[in-house]
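# Summary of structural features
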Amino acid sequence: MSTPYSKVTTREIAERAGSNLAMIHYYFGSKEGLYQAVLGDVAEPLEQAWQDEGSHRSLNDLLSTYYQVMAPNSELTSAISSALSSEKSPGRDFVLNRLLERQMPQFDALLASMKDNGELNADADPEMLKVSFLSMMWQPFVMKELYEQVFGLKVDEQFMARLANHNCRLMESGLRPNLN
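Each residue is numbered by its place in its chain's sequence as written, counting from 1. Note on the predicted model: pLDDT of at least 70 is required for a residue's local features to be given, and 80 or more for side-chain atom pairs to be given and counted; whole-chain, interface and lining totals, by contrast, use all residues. Only hydrogens and water are set aside when side-chain values are computed; all heavy atoms of the structure are taken into account.

## Quick look at the overall build of the chain
The line we're drawing: Only runs of H or I of at least four residues qualify as helices and only runs of E of at least two qualify as strands under DSSP, and these elements are numbered from the N terminus. Burial classes follow relative accessibility: with a 1.4 Å probe on protein chains only, a residue under 20% of its type's maximum area counts as buried, one over 50% as exposed, and anything between as partly exposed. Residues are treated as being in contact if the distance between any of their heavy atoms lies within 4.5 Å. Using a 1.4 Å probe, accessible areas were evaluated by the Shrake-Rupley method; residue-level cover was limited to the displayed protein chains.
Summing up its helical and strand segments, the chain has nine helices and zero strands in all. In the chain, the order of α-helices and β-strands from amino to carboxyl end is α-α-α-α-α-α-α-α-α. The proportion of buried residues among the 180 residues of the chain is 36%. When contacts within the chain are restricted to residue pairs at least 6 apart in sequence, long-range pairs at least 24 apart make up 66% of them. A total of about 11200 Å² of accessible surface is found on the chain, and carbon and sulfur atoms cover 50% of it.

## Concerning the packing of aromatic side chains
Stated formally: Geometry of aromatic contacts follows a simple scheme: Phe, Tyr and Trp rings, the Trp one being its six-membered ring, pair when their centres are within 6.5 Å, and the pair is stacked under 30 degrees between planes, edge-to-face over 60, tilted otherwise.
Scanning all chains against the criterion turns up three aromatic pairs. On the basis of an interplanar angle of 45° and a centroid distance of 6.4 Å, the ring pair of Tyr 147 and Phe 151 is categorised as tilted. Taken together, the residues Tyr 147 and Phe 151, both in helix 8 (residues 144-151) and four residues apart, mark about one turn of the helix. The class for Tyr 147 is buried, based on a relative accessible area of 13%. Here Tyr 147 and Phe 159 contribute two aromatic rings whose centre-to-centre distance is 6.4 Å and whose plane-to-plane angle is 55°, an arrangement assigned as tilted. Taken together, the residues span a long stretch of sequence, with Tyr 147 in helix 8 and Phe 159 in helix 9 (residues 157-175) at a distance of twelve residues. Through successive ring pairs, a cluster of aromatic residues spans Tyr 147, Phe 151 and Phe 159.

## A short note on the pattern of salt bridges
Operational definition: A side-chain nitrogen of Lys or Arg and a carboxyl oxygen of Asp or Glu constitute a salt bridge if their distance falls within 4 Å.
By the definition in use, this model includes three salt bridges. The partner of Asp 108 in a salt bridge is Lys 130, and the shortest N-O contact between them spans 3.3 Å. On the criterion of sequence distance, the pair formed by Asp 108 in helix 6 (residues 90-116) and Lys 130 in helix 7 (residues 126-142) is long-range, its members being 22 residues apart. The residue Lys 154 makes a salt bridge to Asp 156 at a minimum N-O spacing of 4.0 Å. With a relative accessible area of 24%, Asp 156 lands in the partly exposed category.

## Some remarks on the confidence of the model for the chain
Applicable threshold: Known as pLDDT, the predictor's confidence for each residue is given on a scale from 0 to 100.
Confidence along the chain averages 77 in pLDDT terms, with 86% of residues attaining 70 or more. The secondary structure element of the chain with the lowest average pLDDT is helix 5 (residues 74-85), at 70, and the one with the highest is helix 8, at 90.

## A short note on the environment of Leu 163
Within the secondary structure, Leu 163 is located in helix 9. Other than its neighbours up to four places away in sequence, Leu 163 contacts Tyr 67 and Pro 140.

## Overview of a nonpolar patch on the surface
In plain terms, the rule: A patch is a set of surface residues, each over 30% in relative accessible area and not in a salt bridge, joined within 9 Å for like charges and within 5 Å for the nonpolar side chains Val, Leu, Ile, Met, Phe, Trp and Tyr.
On the surface, Met 23, Tyr 26, Tyr 27 and Phe 28 cluster together into a nonpolar patch covering about 480 Å² of accessible area. With respect to the helices, strands and loops of the structure, Phe 28 is situated in helix 2 (residues 21-28). A residue is classified by how much of its surface remains accessible, and Phe 28, at 35% relative accessible area, is partly exposed.

## Here we look at the environment of Leu 59
Within the secondary structure, Leu 59 is located in helix 4 (residues 59-70). We classify Leu 59 as buried; its relative accessible area is 2%. Counting along the chain gives 55 residues from Leu 59 to Met 114, while the straight-line C-alpha distance between them is 9.9 Å. When residues no more than four places from it in sequence are discounted, the contact partners of Leu 59 are Phe 107, Leu 110, Phe 133, Cys 168, Met 171 and Glu 172.

Here it is as structure tokens:
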């Protein structure tokens, strides 16, 4: 069972790590610095996947890449879910600022490209598209246990690939202009 961020002291962390308090403060400055460094290490596979890909990708590419990295990485999904669940957590700031600042520009570029190519419905609301896209990205991992318990689904890599395809078809069909 994990202890919430607010209940853990740097002294306890040092003791469990077989280190001393001074080392935490020397290398990380504070408990917050240590926490963000650990989250950074855990999130590295996701950040790497988004950086390695070219900026001219489809919606399906963005979601599929995200799901492929997240699905097998339970440490990352747990860390992100935990960070987002606490309003006053430095992990929440990390997720919102560090991870999303790398992901949203690619989504914005995709929307601009779709608009330029006539593939985006003129009345599509860009802000609501971002909200929908983020919901598609994060919800399956936040709701994993519910999906498994209520619907009897096995949320694994195969499920995530299927979900990425389904979500992309839904979103892309809603984004295309009506050609009546």
